[in-house]
Amino acid sequence: MFDKIKNKIFRLGSMCLCLVLLASLVGCGDKNTGDSSFQRATVVRVIDGDTLHVSLDGKKYKLRMIGVDTPETVHPNKPVQFYGKEASYYTKKQLKDKTVYLQKDVSDTDKYGRLLKYVWLERPSSDNPSHEEIARYMYNAQLVINGYAYSYSYQPDTRYSDLFAKFQHQAQENSRGLWDEARLKSFNQTHPEAIETRPLNKGKSIKKGNKNTSGQVSKSATDINKNQDMSSKEHNSQVADDNSQAYIKANKKSMVYHIRGSKGYDSISDKNAVYFDNEDDAIAAGYRKAKR
């Protein structure tokens, strides 16, 4: 009798041990696939090139992609900007009704309550994806690579900023999308109201601080700066005086920020540039205003 009871206890103990081991293996599997870092969602609406509505855990959220900025198409106070419609159409074509995987950086939401996420077409192999995976599967990166968006660094969500800056430089060098000067010229001729054709860096002067691999400023950038007319210069001054509408560009090495249109704004390289909506945000992040 005692032996039968002992055998039952032994079998029961063995079964419990197997269950514990199985649970630990499942837990390890979840960690390796990065389930805690990537949320599965469905894109239910596309607002423009970088803004979506997604369905996540049965709820609907507005989402702003991190690290990129596409030209405006639906801004209430701005005209449609160069390559904005193309960027919006591209995102609708690529993401509408698609399943995506959302990755957080530091912030959960922006000041407007929008989710801040990197949008993945496929879940990467780990929480630290390779450059190849980012270029192939992250939609934010694809927008920059294909010339539909600018690389846009905004503290504190800057995990992929350096890589995005490289992608932008490659797009510029290959005149992809919004970096196609011939298409930009044609757009400006038919849309005289759209003064800010490239919103982050004052349009035609955007290439001024971007150097090629040999360290020389490209000829096309020099030519473009020479051809800027007086109306564009006057508009730059107006924007610089109006801090509520100006972008703030800071140098993360010197910790100094410049107002768009000021003398030092375009001298900051993409690698060191950080952007803010206003001076208060820049100061709060530890930056000080340039003396001139």
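Just above, that's the structure.
Residues numbered from 1 in each chain as written. Predicted model: local features only at pLDDT ≥ 70, side-chain atom pairs only at ≥ 80, totals over all residues. Heavy atoms only, no water.

A. The arrangement of the sheet that holds strand β1 (residues 38-48) in detail. The strand order around the closed barrel built from five strands is β1-β2-β3-β6-β5, with neighbouring strands paired in mixed fashion. Direction aside, the axes of adjacent strands within the sheet are offset by 55° on average. Bridge count between strand β3 (residues 59-65) and strand β6 (residues 115-120): three bridges; the pairing is parallel. Each bridged residue has a counterpart across the sheet, and for R64 the counterpart in β6 is L116. (Pairing = 2+ DSSP bridges. Helix = DSSP H or I, 4+ residues; strand = E, 2+ residues; numbered from the N terminus. Axes fitted to C-alpha atoms, helices over the stretch in contact; angles between N-to-C directions.)

B. Structural view of the nonpolar core. With 44 residues, the main nonpolar core has L52, M65, W120, I134 and F164 as its most contacted residues. In contact with I134, other than residues within four places in its own chain, are W120, P129, A141, Y160, L163, F164 and F167. Listed in part, the eight residues of the second largest apolar core include I248, Y257, V274 and F276. (Core = buried A, V, L, I, M, F, W, Y, C linked by side-chain atoms within 4.5 Å. Buried < 20%, exposed > 50% of the residue type's maximum accessible area, 1.4 Å probe, protein only. Contact = heavy atoms within 4.5 Å.)

C. Here's a closer look at the pairing of strand β2 (residues 51-56). Of all the six residues making up β2, five are buried; the element is thus mostly covered by neighbouring parts of the structure. Note: β1 against β2, five bridges, orientation antiparallel. Directly across from T42, in β2, lies its bridge partner S55. As paired strands, β2 and β3 are joined by six bridges and run antiparallel to one another. Bridging from a neighbouring strand, S55 pairs with K60 of β3. Counted along the chain from β2 to the antiparallel partner β3, the turn is two residues long, and its residue D57 has a positive phi close to 55°.

D. A look at helix α2 (residues 84-95). Taking 1.5 Å per residue, 12 residues should reach 16 Å; α2 reaches 16 Å between its end C-alpha atoms and fits that length. For α2, every residue scored as buried is listed here: G84, A87, S88, Y90, T91 and L95. One side of α2 carries all its buried residues, which in axial view fall inside an arc of 160°. Away from its buried face by more than 90 degrees, α2 exposes K85, Y89 and K93. Elements that come into contact with the buried residues of α2 comprise β1, β2, β3, β5 (99-103) and α4 (139-145). Positive backbone phi, approximately 65°, marks D97, located one or two places after α2. (Expected span 1.5 Å × (residues − 1). Arc of directions from axis to C-beta.)

These figures capture arrangement, not role.
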